[in-house]
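Overview (structure and organization)
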Amino acid sequence: MIWALYVELGVQMWREKFDELIFDDEAWNRTVDESHKAGINMIVLDIGEGIEWKSHPELSVKGAWSYYRVKKEIERLKALGIALIPKLNFSATHDLWLGEYKKLMSTKAYYDVCRDLICEVYDLFEKPEYIHLGMDEEGNANILRNYEGLVNFRKGELLWHDLKFLCDTVTSLGAKPWIWADICCEMPEEFKKRFDTDEVILSPWYYFAFKKEHFKKIADSSQADIDFYANTFPYNKMNLTYIEEDPGYVKMREDMINSAALGYGLVPCFSNWGKTPYNAMDLVEMYKEKAPEYIRGFMVAPWCRTLNENADEIIENIHTMEEQIKNF
């Protein structure tokens, strides 16, 4: 069973660009120590700009991990029983780390760079069992409308071609491609046509409650959530009582249930990000009920930078995973 923690090394997956690494070693060391105590056996490390790329050094920032540092961390974690798995993100919504190459999406130059980076992390991370390729929220216009500059994303055959290319590149090396499950959840029948069940590992993700008795009242949420649902059209016309009544979250739950038993290996992801106490419990129970034979493990994602100011938040997520390990 995989019991994984998602950790941010690079952070240029969204809208902010930096000239140096946004990362604290003290927070990282606390994260590793607490993960070991909790029984976590895998850390999925989001790389982005965070290593000294040899194939494309222009993508690295000041303070990025050297090859030596990566090797030492792999060795240290292995001694603790923790596999360090590389994660890249080639989704058009999360690829700021690709610099100028993101503007060349789906060209020969772009494919060459993607292949270079995947091959490099495979060698650097000592032939890992998995390489996570991201691909969450691909084509999500609601996210992209808040971005500045050139905005592009894939649709139709181009989406399937690029996803297949990325996954086949990983497979050709001897690793298993691992992606967020968004595309499968949204288009399960088409996904099934394109990918055999043993070709890829999927991580469905959801950060609120599944069971109605566990739904969270908007009035009990953060002020930001209260303001959003009160002032944003069309939500302010819906008379919502609970966050989980948001049509987007309703659809996410339905899509996850509908795609659960397609036959793909699953590593569902929960988080304390939504400040919902029942998220992990509800998510684990749903997959144990709907697709027990396809569960390969679970992952927890704090969704915050690995900084000293966020260390307590990261450790809180680790403890949430610890509870699920004990209860599974």
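Just above, that's the structure.
Okay, so let's go over this structure.

**Some details on the overall build of the protein chain**
- Secondary structure summary: the protein chain contains eleven helices and nine strands in total.
- Relative to its length of 328 residues, the protein chain is compact, with a C-alpha radius of gyration of 19 Å against a globular reference of 20 Å.
- Taking the principal axes of its C-alpha atoms as reference, the protein chain extends roughly 55 × 45 × 40 Å.
- By the burial criterion, 54% of the 328 residues in the protein chain qualify as buried.
- Pairs at least 24 residues apart make up 78% of the contacts formed inside the protein chain by residues separated by at least 6 positions.
- Carbon and sulfur atoms make up 49% of the accessible area of the protein chain, which amounts to about 14,800 Å² in all.
- The averaged location of the 56 negative side-chain charges in the protein chain is 2 Å from the averaged location of its 38 positive side-chain charges.

**As for the packing of aromatic side chains**
- As enumerated under the stated definition, the model contains 28 aromatic pairs in all.
- Between the aromatic rings of tyrosine 6 and tryptophan 303, the centroid separation amounts to 4.4 Å while the plane-to-plane angle is 40 degrees, which identifies the pairing as tilted. Here tyrosine 6 is found in strand 1 (residues 2-8), whereas its partner tryptophan 303 is found in the loop between strand 9 (297-300) and helix 11 (311-327), with 297 residues between them in sequence.
- With relative accessibility at 21%, the residue tryptophan 303 sits in the partly exposed group.
- With centroids separated by 5.8 Å and ring planes inclined at 65 degrees, the aromatic side chains of phenylalanine 298 and phenylalanine 328 adopt a geometry described as edge-to-face. Linking phenylalanine 298 in strand 9 with phenylalanine 328 in the segment after helix 11, this pair joins segments that are 30 residues apart in sequence.
- Here the aromatic cluster, defined as three or more aromatic residues joined through ring pairs, consists of Trp205, Tyr206, Tyr207, Phe208, Phe210, Tyr249 and Trp273.
- Over the face of the ring belonging to tyrosine 264 we find lysine 192, whose NZ or CZ atom lies 5.5 Å from the ring centre.
- The positively charged end of lysine 288 is found above the aromatic ring belonging to phenylalanine 328, 5.0 Å away from the centroid.

**Here we look at the side chain of aspartate 246**
- Structurally, aspartate 246 is set in the loop between helix 8 (223-231) and helix 9 (247-259).
- Despite being buried, aspartate 246 has no salt bridge partner; arginine 253 is the closest side chain of opposite charge, sitting 8.3 Å away.
- Polar side-chain contacts of aspartate 246 include one of 2.7 Å to the side chain of tyrosine 229.

**Thoughts on the side chain of glutamate 73**
- Relative to the elements of secondary structure, glutamate 73 occurs in helix 2 (residues 67-79).
- Aside from chain neighbours lying at most four places away, what touches glutamate 73 is Trp28, Trp65 and Leu84.

**Re the nonpolar core**
- Among the nonpolar cores identified, the biggest contains 87 residues, and Trp28, Phe90 and Phe191 are the most heavily contacted of them.
- Dropping the residues within four chain positions of it, phenylalanine 90 is found in contact with Trp97, Leu98, Tyr110, Cys114, Ile118, Leu133, Met135, Glu138, Arg154 and Leu166.
- In terms of nonpolar packing, the next biggest core, distinct from the first, is built from 16 residues, Ala4, Tyr6, Val44 and Ile85 among them.

**Here we look at the packing of helix 3 (residues 108-124) against helix 5 (residues 156-173)**
- It is at 10 Å that the axes of helix 3 and helix 5 come closest, and there the two elements cross at 30 degrees. One element, helix 3, and the other, helix 5, form an angle in the roughly parallel class. The two elements helix 3 and helix 5 cross, and the hand of that crossing is right-handed. Between helix 3, through Tyr111, Cys114, Arg115, Ile118, Cys119 and Tyr122, and helix 5, the contact on the second element is made entirely by Leu158, His161, Asp162, Phe165, Leu166, Thr169, Val170 and Leu173.

Thresholds, definitions, all that
Residues numbered from 1 in each chain as written. Predicted model: local features only at pLDDT ≥ 70, side-chain atom pairs only at ≥ 80, totals over all residues. Heavy atoms only, no water. Helix = DSSP H or I, 4+ residues; strand = E, 2+ residues; numbered from the N terminus. Rg over C-alpha atoms; globule rule 2.2 N^0.38 Å. Buried < 20%, exposed > 50% of the residue type's maximum accessible area, 1.4 Å probe, protein only. Contact = heavy atoms within 4.5 Å. Areas by Shrake-Rupley, 256 points an atom, 1.4 Å probe, with all protein chains shown as cover. Lys, Arg positive; Asp, Glu negative; His and termini not counted. Charge placed at Lys NZ, Arg CZ, Asp CG, Glu CD. Phe/Tyr/Trp six-rings, centres within 6.5 Å; stacked < 30°, edge-to-face > 60°. Lys NZ or Arg CZ within 6 Å of the ring centre and 35° of its normal. Salt bridge = Lys/Arg side-chain N within 4 Å of Asp/Glu carboxyl O. Polar contact = N/O pair within 3.5 Å; in protein donor to acceptor, adjacent residues only side chain to side chain. Core = buried A, V, L, I, M, F, W, Y, C linked by side-chain atoms within 4.5 Å. Axes fitted to C-alpha atoms, helices over the stretch in contact; angles between N-to-C directions. Parallel < 35°, antiparallel > 145°, perpendicular 65-115°, else oblique. Left-handed = near helix turned anticlockwise from the far one by under 90°.

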